[in-house]
Amino acid sequence: GIGLTAAGKVKAAEDRNIDALTISCVNVFNSTTNAGNVSTTAPFNLSAGSYTVSNVVLENSKISFDTTAEGYVSPSRPMVLYAKNIHNLTVANNSFVAIRLNYNDAVKLGDAATVGATGEIVFTNNYFENFAQYLIWFQKYGAVNVVLEENTFVNNGQTAGSHGAL
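Residues numbered from 1 in each chain as written. Predicted model: local features only at pLDDT ≥ 70, side-chain atom pairs only at ≥ 80, totals over all residues. Heavy atoms only, no water.

(A) Representation of the overall build of the chain. If you tally the helices and strands in the chain, you get zero helices and 16 strands. Expressed as a percentage of its 166 residues, the buried residues of the chain come to 44%. At a minimum sequence separation of 6, the contacts of the chain that also span at least 24 residues come to 85%. A total accessible area of about 7500 Å² is found for the chain, and carbon and sulfur atoms account for 49% of it. (Helix = DSSP H or I, 4+ residues; strand = E, 2+ residues; numbered from the N terminus. Buried < 20%, exposed > 50% of the residue type's maximum accessible area, 1.4 Å probe, protein only. Contact = heavy atoms within 4.5 Å. Areas by Shrake-Rupley, 256 points an atom, 1.4 Å probe, with all protein chains shown as cover.)

(B) Just the pairing of strand E6 (residues 53-59), in detail. Pairing analysis gives six bridges linking strand E3 (residues 18-24) to E6, with the strands arranged parallel. Across the sheet, the residue bridging to Ile 23 is Leu 58, located in E6. Bridge analysis of E6 against strand E9 (residues 86-92) gives six bridges, and the strand direction is parallel. Of the residues in E9, the one forming a bridge with Leu 58 is Val 91. (Pairing = 2+ DSSP bridges.)

(C) Local environment of the sheet that holds strand E11 (residues 107-109). One open sheet holds the five strands; their spatial order is E2-E5-E8-E11-E14, and the pairing between them is parallel. Strands at the two margins of the open sheet, each flanked by one partner only, are strand E2 (10-11) and strand E14 (136-138). Inspection of the sheet shows strand E8 (residues 81-84) paired to E11 by three bridges, in the parallel sense. Across the sheet, the residue bridging to Tyr 82 is Lys 108, located in E11.

(D) Representation of the pattern of salt bridges within the structure. In total, this model carries two salt bridges according to the counting rule given. Note that Glu 14 is salt-bridged to Lys 11, the shortest N-O span being 2.7 Å. On the accessibility criterion, Lys 11 (35% relative accessible area) is partly exposed. The partner of Arg 16 in a salt bridge is Asp 15, and the shortest N-O contact between them spans 3.1 Å. According to the relative accessible area criterion, Asp 15 is partly exposed, its value standing at 45%. (Salt bridge = Lys/Arg side-chain N within 4 Å of Asp/Glu carboxyl O.)

(E) Unusual backbone geometry, seen in detail. Non-glycine residue Ala 20 carries a positive phi angle of around 65°. Using a relative accessible area of 59% as the deciding quantity, one classes Ala 20 as exposed. If you check the backbone angles, Glu 150 has positive phi at about 55° while not being a glycine. Note that Glu 150 resides in the loop between strand E15 (141-149) and strand E16 (152-154). Classification of Glu 150 by relative accessible area gives exposed; the value is 66%.

(F) Spotlight on the pairing of E9. In this structure, E9 lies alongside strand E12 (residues 117-124), joined through six bridges in parallel fashion. Note that in E12 the partner of Thr 90 across the bridge is Val 122.

Shown next as structure tokens:
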């Protein structure tokens, strides 16, 4: 596997289409990727500009924080994944534990100007904890089939019934 710390991230190229990408066994620890409080920055950034990222699998990976670790720097909005123009995404068998900070979405698909997600979007057997806003935010989407199975959600959302939903 691969370990990412500080501002380390997996980032898609923004000058071409990407097809058949599998990201597996990545351990992200105390990420500062989003230290600038921007809602489009995440350790897994699959935004390829105006191009399309297709047939992506994110599996068997982990994001975690230890606020007591020496040299710990708090990110502004700890996120998991940001993508736009993504077609067919599978997120399976991952553990994503954040620290509760305002406006930290776990997964954000799309922005105001792009098609966020199309095709089949599958989240199965994942663990999400301590995200203070949307867990999976389809900000914009086209023709999409969403499958959510066997996921665990713990201590998410800003208040009861607010910002904790998909």
